[in-house]
Amino acid sequence: MIDIHCHILPEMDDGPQTLETSLKMASMAAEDGIRVIIATPHTDGIRVNYESVRDGVDHLNRALQQHGVTLQILPGYEIPFHLVTALAHTHTLAKSNYILIEFPHMYVPGDALATISRLTGRGFIPVIAHPERNGGVLRNPDLMEPLIEAGALSQLTASSITGDLGPDIQWCAHYLLRKNLVHFIATDSHSPSFRAPVLQKAHAVAVKLLGRANAELLTTGNPEMIVAARNRPPQ
Ligand SMILES: [Fe+2]
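Before going into details, it helps to say that this report is about the structure given with it.

Cut-offs used in this document
- Just so you know, the residues in each chain are numbered from 1, in the order the chain's sequence is written.
- Given that the model is predicted, a residue must reach a pLDDT of at least 70 before its local features are reported, and side-chain atom pairs must reach 80 or more before they are shown or counted; all residues, however, enter totals for whole chains, interfaces and linings.
- Side-chain figures throughout are based on the complete set of non-hydrogen atoms in the structure, without hydrogens or water.
- Note on donors: an N, O or S atom is included if it sits within 2.8 Å of the metal, or within 3.2 Å for Na, K and Ca, and water is never included, so sites can look incomplete.
- Square planar and octahedral assignments, for four and six donors respectively, both demand that opposite donors be over 155 degrees apart and that all other angles lie between 65 and 115; tetrahedral needs four donors with all angles between 85 and 135 degrees, and anything else is irregular.
- Runs of H or I in DSSP of at least four residues are treated as helices and runs of E of at least two as strands, each being numbered from the N terminus.
- Think of a 1 Å grid over the protein atoms and nothing else: a 1.4 Å probe that fits but is trapped marks a cavity, an open set flanked by protein within 12 Å on at least five of seven lines marks a pocket, and residues with an atom within 4 Å of a point count as lining.
- Grid points are joined across faces, edges and corners, and a volume is the space filled by probe spheres set on the points.
- Gly is put with the polar residues, along with every residue not named as nonpolar or charged; the nonpolar set is Ala, Val, Leu, Ile, Met, Phe, Trp, Tyr, Cys and Pro, and the charged set is Asp, Glu, Lys and Arg.
- The rule for pairing is simple: two strands pair if DSSP sees at least two bridges between them.
- Convention adopted: a line fitted to C-alpha atoms gives each axis, helices being fitted over their contacting stretch, and angles between N-to-C directions are expressed from 0 to 180 degrees.
- Only centres within 6.5 Å qualify two rings of Phe, Tyr or Trp (six-membered ring in Trp) as a pair; their planes then separate them into stacked at under 30 degrees, edge-to-face at over 60, and tilted for everything else.
- Working definition: with a 1.4 Å probe on protein chains only, accessible area under 20% of the residue-type maximum means buried, over 50% means exposed, and in between means partly exposed.
- Handedness of a helix crossing follows the sense of rotation of the near helix relative to the far helix, less than a right angle counterclockwise being left-handed and clockwise being right-handed.
- Every residue pair with non-hydrogen atoms within 4.5 Å of one another is taken to be in contact.
- Side-chain atoms within 4.5 Å link the members of a nonpolar core, which is a set of buried Ala, Val, Leu, Ile, Met, Phe, Trp, Tyr and Cys residues.

### Focus on the coordination of the iron ion
Part 1: Within the protein, His5 (NE2), His7 (NE2), Glu78 (OE) and Asp188 (OD) serve as the donor atoms for the iron ion, at 2.1 to 2.2 Å.
Part 2: For the iron ion, the four donor atoms are set out with angles of 84 to 171° between them, so the coordination reads as irregular.
Part 3: Coordination of the iron ion draws on donor residues from a single chain, spaced H-x1-H-x70-E-x109-D in sequence. Placement of His7 in the loop between strand E1 (2-6) and helix H1 (19-32) and of Asp188 in the loop between strand E8 (184-186) and helix H9 (200-210) is noted, with a sequence separation of 181 residues between them.

### A word on empty space enclosed by the protein
Part 1: Enumeration according to the criterion identifies one cavity of 30 Å³ or more in this entry.
Part 2: Roughly 50 Å³ of internal volume is contained in the largest cavity.
Part 3: Phe103, Pro104, His105, Ala129, His130, Pro131, Arg133 and Asn134 together form the lining of the largest cavity.
Part 4: When its residues are assigned to classes, the lining of the largest cavity shows four nonpolar, three polar and one charged.

### Section: the sheet that holds E1
Part 1: Taking strand neighbours across the sheet as the criterion, the three strands line up as E1-E2-E3 in an open arrangement whose pairing is parallel. This sheet does not close on itself; its edge strands, each paired only once, are E1 and strand E3 (72-75). Each neighbouring strand pair of the sheet contributes to a mean axis angle of 25°, computed without reference to strand direction.
Part 2: Alignment of E1 against strand E2 (residues 36-39), held across three bridges, turns out to be parallel. Bridged to Cys6 within E2 is Ala39.

### Quick word on the packing of aromatic side chains
Part 1: Summed over the entire model, instances satisfying the criterion amount to two aromatic pairs.
Part 2: Relative to Tyr175, the ring of Trp171 has its centre 5.2 Å away and its plane inclined at 25°; by these criteria the two rings are stacked. A residue pair is termed a helical-turn pair when its members lie 3 or 4 positions apart in one helix, as Trp171 and Tyr175 do in helix H8 (residues 167-178) at four residues.
Part 3: Classification of Tyr175 as partly exposed rests on a relative accessible area of 23%.

### Here we look at the pairing of strand E7 (residues 153-157)
Part 1: Where burial is concerned, most of E7 is hidden: five out of the five residues are buried.
Part 2: Of the two faces of E7, both are covered, the one formed by Leu153, Gln155 and Thr157 as well as the one formed by Ser154 and Leu156.
Part 3: Bridge count between strand E6 (residues 125-129) and E7: three bridges; the pairing is parallel. Note that in E7 the partner of Ala129 across the bridge is Gln155.
Part 4: Summarising the sheet, E7 and E8 pair through three bridges and their orientation is parallel. Each bridged residue has a counterpart across the sheet, and for Thr157 the counterpart in E8 is Ala186.

### Side note on the packing of H1 against helix H2 (residues 50-66)
Part 1: Direction vectors running N to C along H1 and H2 enclose 65°, while the axes themselves pass 11 Å from each other. The way H1 lies across H2 gives a crossing that is right-handed. Along its contact with H1, which presents Leu19, Ser22, Leu23 and Ala26, the element H2 presents His59, Leu60, Ala63 and Leu64.

### Describing the nonpolar core
Part 1: The biggest cluster of nonpolar side chains holds 56 residues, and the ones touching the most others in it are Ile8 and Ile73.
Part 2: The leading source of residues in this core is H2, at five residues.
Part 3: Setting aside residues no more than four positions away along its own chain, Ile8 makes contact with Pro16, Ser22, Met25, Ala26, Ile37, Ala39, Leu60 and Ile73.

These values are about where atoms sit, not about what they do.
Here it is as structure tokens:
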């Protein structure tokens, strides 16, 4: 499995504050069957930027080798919606043409559809992070439909699917899954305990809801498309 949304780099954002905690998260992920993590710290384009993430990823990959943890970290970012137009080019997932976008927590911005269309027109593939935790989508999950039709993909949080974030979020997550509006399941982990860096439990729920082949796409097949597109930014 591949985790495309994880705050695993130390001292970068509100994720782990020490290398030791990052290594603990990495061990948990590897034991759970995750073999690649795209590190996606929150970025403002200033402190968390191309260089700091590149250096952080190199450092963590070296430490993983030294500690014998079989896991690869690739660089990425979680971009707040209001900065996406400015940062898209330099802040993609694994240097591909996929970008991870976080909406404001309480609503879907009025210009979301126009922005998604503009990004896809420029060759990006926008991935909307955890829509099931967004206030607007929780009230009306069908808001996701036109965004997906415009070329966006969506990523659910593993702990939303398992019910660890409450029944409303779980209901919304399952609704989106059943309506075929989901492309990735990721951990959005911030520490060994705050949304733990594991996918197996959510994967098992997805198997029950959608069948094995479709569940595999969400945790392995579709994430592999991002890894396969790595080092291929939009022209
Ligand atoms: Fe996140």
